[in-house]
Amino acid sequence: MIQIGDMLLEELGRDLPSEIADPVAALRGRAGRVLEVMTPRRTFADGGRGYHALAQTTIEVVVGTNPTDESAPRERFEFPESPCVIQVHDPVLTLNGALRLDLEIKSYRTSTVSHVLFPGEKVALGLGRSFDVSLPPSLGRLEIPLGIDFAAGDVVRSHQMIYLAVETPVGTLHNPDAAHMFATINKVPPIGFSYVQEGLVPMANANDEVIAIKVSTVTTLRAVLPED
């Protein structure tokens, strides 16, 4: 059975848009072309498929709740390239005829040394439930509308909703609400493309008190790691 969004074909019958009146052919055609240009996914121990990759992240944090306060301590942390695990699900067709790929960042951890807020001390950033089971999952989505030939290099917008933890000498901070990251890409995985934070992201301590603001984040996927 082919899934269209969250509904089954047999439940839709004649209400299907004409562009996907033959959904089997649509899935084999459009999805097949996308899968052909995707880097082959590896199979994980749990049966899911995706990538082991290298990512590099830079964040800027302001202490306090007013990011425009020029007197507030702030630091830009440049984390080194570090491994991450990304699960990418098989494509599905949506009701409007778009081709959708969903993903989850299963794990990512990186660390660097602070030079301003905690001079000489280590600060670590991590996301994914394998990093911390208390973190909500970090999910992403890519939709390829009808008329967009992704396999030929047409670009689309990719979105991620990120929950992360930042380990510091004064405790671990987290974002209570998902941080929206986006990038304009034309390949999967989007090697060389950068995901940029939208808006401001409050960071809270273990008591859910907001004590800092993450004013910017840029994460770039650098490479896919080969299978062992």
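Residues numbered from 1 in each chain as written. Predicted model: local features only at pLDDT ≥ 70, side-chain atom pairs only at ≥ 80, totals over all residues. Heavy atoms only, no water.

Enquirer: Quick question: what am I supposed to make of the pattern of salt bridges here?
Expert: Per the stated rule, a full pass over the model turns up nine salt bridges. In this structure, arginine 49 engages aspartate 90 in a salt bridge whose closest nitrogen and oxygen atoms are separated by 2.7 Å. Of this pair, arginine 49 sits in strand 4 (residues 49–63) while aspartate 90 sits in the loop between strand 6 (82–88) and strand 7 (92–93), and the two are 41 residues apart along the sequence. Given the relative accessible area of 42%, aspartate 90 is considered partly exposed. Put simply, glutamate 78 and arginine 76 hold a salt bridge, and the shortest N to O gap is 2.4 Å. Each of the salt bridges in this network shares a partner with another, and the network as a whole consists of Arg41, Arg49 and Asp90. (Salt bridge = Lys/Arg side-chain N within 4 Å of Asp/Glu carboxyl O. Helix = DSSP H or I, 4+ residues; strand = E, 2+ residues; numbered from the N terminus. Buried < 20%, exposed > 50% of the residue type's maximum accessible area, 1.4 Å probe, protein only.)

Enquirer: Explain the packing of aromatic side chains to me, please; I cannot follow it from the model alone.
Expert: Two measures describe an aromatic ring pair: the distance that separates the ring centres and the angle between the ring planes. Using the criterion set out here, one finds one aromatic pair in the structure. When the centroid spacing of 6.3 Å and the interplanar angle of 25 degrees are considered together, the rings of phenylalanine 77 and phenylalanine 79 count as stacked. With a relative accessible area of 5%, phenylalanine 77 lands in the buried category. Overall, the relative accessible area of 2% leaves phenylalanine 79 in the buried class. (Phe/Tyr/Trp six-rings, centres within 6.5 Å; stacked < 30°, edge-to-face > 60°.)

Enquirer: Whenever I open this one, the nonpolar core confuses me. Can you help?
Expert: Nonpolar side chains tend to gather and get buried jointly when the protein is soluble and globular. Formed by 41 residues in total, the largest nonpolar core has its most connected members in Leu142 and Phe150. Ignoring any residue separated from it by four or fewer positions in sequence, one finds phenylalanine 150 in contact with Val34, Leu142, Ile144, Val156, Ile185, Asn186, Lys187 and Val188. (Core = buried A, V, L, I, M, F, W, Y, C linked by side-chain atoms within 4.5 Å. Contact = heavy atoms within 4.5 Å.)

Enquirer: Just to check I follow, could you spell out empty space enclosed by the protein for this structure?
Expert: Remark: the empty space left among the atoms is shown by a probe the size of a water molecule rolled over them. According to the stated counting rule, one finds one cavity of 30 Å³ or more in the structure shown. The calculated volume of the largest cavity comes to roughly 410 Å³. Around the largest cavity, the lining comprises 29 residues; the ones closest to its centre are Ile86, Ile105, Gln160, Tyr195 and Leu221. When contributions to the lining of the largest cavity are tallied by element, the ones reaching two or more residues are strand 4, strand 6, strand 8 (99–113), strand 9 (122–127), strand 11 (156–162), strand 14 (179–185) and strand 17 (210–224). The dominant element in the lining of the largest cavity, judged by the number of residues it contributes, is strand 17, at five residues. Taken together, the residues of the lining of the largest cavity break down into 22 nonpolar, six polar and one charged. (1 Å grid on protein atoms, 1.4 Å probe; cavity = no way out; pocket = protein on both sides within 12 Å on 5 of 7 lines; lining within 4 Å. Points joined across faces, edges and corners; volume = space filled by probe spheres on them. Nonpolar A, V, L, I, M, F, W, Y, C, P; charged D, E, K, R; others polar.)

Enquirer: Explain unusual backbone geometry here, please?
Expert: Residues apart from glycine generally show negative phi values, whereas peptide bonds are mostly found in trans. Cis geometry marks the peptide bond from valine 188 to proline 189, where omega comes out at -5 degrees. Looking at the secondary structure, you find proline 189 in the loop between strand 14 and strand 15 (194–197). Positive phi, normally seen in glycine, also occurs at aspartate 208, with a value near 65 degrees. By the secondary structure assignment, aspartate 208 is in the loop between strand 16 (201–204) and strand 17.

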